[in-house]
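Chains, contacts and geometry: an overview
What follows is the residue order along each chain.
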Amino acid sequence: MTTTTSTAITNVDETTKTTQEPNTADGGPSLNECVTDMATREKREKVSKSFFPNTGYNYDRCVAYATLGFDAEWKRLLLRQIPTSSKNVLELASGTAIVSKRILKRCGVFTTKLTCVDITDDYVDVAKAKLAALEEKENQKRNKGKKEKEEGKIDVAYVIKNAEDITEEDLQSRGPFDCVVSSYIPKYVDAEKVISSIEPHLTEGATLVVHDFDVPYAGPCRWIWHAHMDIWAWMGPKMFGKEWAACFEANLKELIIKSDWAKVWSDKLKERGCWSDVKIHRITLGGASLVTAKKN
């Protein structure tokens, strides 16, 4: 079911909206067990749903503080990998539109088609409000001093579901895409499933850029990182609310260490044989990474 608002922001699959309360009595593995072993889809989805229930309202502030401001730099480096000529972008785990807004500003607010996939519906609500505000601001700028007003519309659609579950029907009306971008999704998903589901919808030469936390290089940087993560496991819920307890207290640090996501994604892209120029970019002394590639 597709619904359209006056700001041209749509839900491609509104029927898949998820309940935001973490399920702690479902008879399945505990959250800590899931973080320790993310081998199954059930465990991966339980972690992603439980880490971020009803936290969209203060996510931006939390990620800025928890990364000591480095998140802004990582987003800047991610955006640099996106060609300014991109006109149809697919964003996975689009969250509260931190990256979405920057993509539109980089590639053209009213000339870029953007499709966002996210599992967390309260984050999507925050994102829609941000993009509606961006649309209004850009229209004010373009019409300043003009007698005849020209109202532009941001072309954004949302698929509210797990990125591992993307189907042909979700993307066929929006593709083909010349760029696919994601921040903080790699450690939560099966790389093979996500890559195989989006490949048919990408143009030849399409750019892929994904970003996530990583483990810093050995030595003092790694010692500081371990201490930082341990402090935030205790301090995070106290600063930002009990909604963040699952994320900070369920050993996010162990999840980052065990995922080895950059190597996993790089290897999967190379194995599939239809990607070239596959690279891992370690940034901020190894505390985060980008993986980039081109679709053949």
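Here the structure is a predicted model, which means the values were calculated and not measured. (Residues numbered from 1 in each chain as written. Predicted model: local features only at pLDDT ≥ 70, side-chain atom pairs only at ≥ 80, totals over all residues. Heavy atoms only, no water.)

1. Comments concerning the overall build of the protein
The condition that has to hold: Numbering of helices and strands starts at the N terminus; helices are DSSP runs of H or I of at least 4 residues and strands are runs of E of at least 2. In this scheme, a residue with accessible area under 20% of its type's maximum is buried, one over 50% is exposed, and one in between is partly exposed, where area comes from a 1.4 Å probe on protein chains only. For this analysis, residues touch if any pair of their heavy atoms sits within 4.5 Å. Accessible surface is estimated by sampling points in the Shrake-Rupley manner with a 1.4 Å probe; for residues, cover comes only from the protein chains shown.
Within the protein one finds twelve helices and nine strands. In the protein, which comprises 296 residues, the share counted as buried stands at 53%. Sequence separation of 24 or more characterises 75% of the internal contacts of the protein that already satisfy a separation of 6 or more. Of the roughly 13,500 Å² of accessible surface on the protein, 53% is carried by carbon and sulfur atoms.

2. Examining the environment of Glu164
Stated formally: As used in this structure description, the phrase polar contact means that two N or O atoms lie within 3.5 Å; if the pair is within protein, one of them must be able to donate a hydrogen and the other to accept it, and residues adjacent in sequence are counted only when both atoms belong to side chains.
Checked against the element boundaries, Glu164 lands in the loop between β5 (155–160) and α7 (168–171). Classification of Glu164 as buried rests on a relative accessible area of 9%. For the pair Glu164 and Ile198, spaced 34 residues apart in sequence, the C-alpha to C-alpha distance is 9.7 Å. At a separation of 2.7 Å, a polar atom in the side chain of Glu164 contacts the main-chain amide nitrogen of Asp190.

3. Concerning the side chain of Glu135
The cut-off we apply is this: In this tally, Asp and Glu contribute negative charge and Lys and Arg positive charge; neither His nor the terminal groups of the chain are included. A pairing counts as a salt bridge when a side-chain nitrogen of Lys or Arg comes within 4 Å of a carboxyl oxygen of Asp or Glu.
Along the chain, Glu135 falls in helix α6 (residues 121–143). We note that Glu135 is buried and unpaired, the nearest opposite charge coming from Lys153 at a distance of 4.1 Å. Of the polar contacts made by the side chain of Glu135, one reaches the backbone nitrogen of Ile154; its length is 2.9 Å.

4. Here's the deal with the environment of Thr120
Inspection of the secondary structure puts Thr120 in the loop between β4 (113–118) and α6. Taking the relative accessible area as the measure of exposure, Thr120 reaches 7% and is therefore buried. For the pair Thr120 and Ala93, spaced 27 residues apart in sequence, the C-alpha to C-alpha distance is 8.7 Å.

5. So, unusual backbone geometry
Of note, the bond from Gly175 into Pro176 is cis; its omega dihedral lies within 30 degrees of zero at -5 degrees. In this structure, Pro176 sits in the loop between α7 and β6 (177–183).

6. Description of helix α12 (residues 261–272)
Stated formally: What a helix should span is 1.5 Å times the count of its residues minus one. Of all possible arcs, the one meant is that of the directions from the helix axis to the C-beta atoms.
An ideal rise of 1.5 Å per residue puts 16 Å on twelve residues; α12 measures up with 17 Å between its terminal C-alpha atoms. Looking at α12, one finds that the buried residues are Trp261, Ala262, Trp265, Ser266 and Leu269. One face of α12 carries all of its buried residues, which in axial projection span an arc of 130 degrees. Away from its buried face, by an angle of more than 90 degrees, α12 presents the exposed residues Lys270 and Glu271. Along its buried surface, α12 packs onto α8 (191–198), β7 (202–213), α11 (252–259), β8 (275–283) and β9 (288–295). One or two positions beyond α12, positive phi appears at Gly273, with a value near 80 degrees.

7. A short note on the packing of helix α9 (residues 220–240) against α11
Cut-off, in case you're wondering: Fitted lines through C-alpha atoms give the axes, limited to the stretch in contact for helices. The angle between two N-to-C directions lies from 0 to 180 degrees. Orientation is classified from the angle alone, with under 35 degrees giving roughly parallel, over 145 giving roughly antiparallel, 65 to 115 giving roughly perpendicular, and any other angle giving oblique. Side-chain classes follow a simple rule in which Ala, Val, Leu, Ile, Met, Phe, Trp, Tyr, Cys and Pro form the nonpolar group, Asp, Glu, Lys and Arg form the charged group, and the remainder, Gly included, forms the polar group.
Two elements in contact, α9 and α11, have axes separated by 9 Å at closest approach and are oriented at 140 degrees. The pairing of α9 with α11 is recorded here as oblique in orientation. Between α9 and α11, the contacting residues are Trp225, His226, Met229 and Asp230 on the first element and Leu252, Lys253, Ile256 and Ile257 on the second. The class makeup of the residues in the contact of α9 with α11 is five nonpolar, one polar and two charged.

8. Points about the environment of Val159
Following the sequence through the fold, Val159 ends up in strand β5. On the accessibility criterion, Val159 (1% relative accessible area) is buried. It is 9.4 Å that separates the C-alpha atoms of Val159 and Leu92, two residues lying 67 residues apart in sequence.

9. Some details on the pattern of salt bridges
In this structure the tally under the stated criterion is 16 salt bridges. Note that Glu73 and Arg76 form a salt bridge whose closest N and O atoms lie 2.7 Å from each other. With Glu73 and Arg76 both in helix α4 (residues 70–80), this residue pair falls three residues apart, about one helical turn. You can call Arg76 partly exposed: its relative accessible area is 41%.

10. Brief notes about helix α3 (residues 59–66)
Within the span of α3, buried status applies to Tyr59, Cys62, Val63 and Ala66. The buried residues of α3 all sit within an arc of 95 degrees when viewed along its axis, so they share a single face. Close packing links the buried residues of α3 with α4, α5 (98–107), α6, α9 and α10 (245–249). Among the residues trailing α3, Leu68 stands out with phi positive, at a value near 55 degrees.

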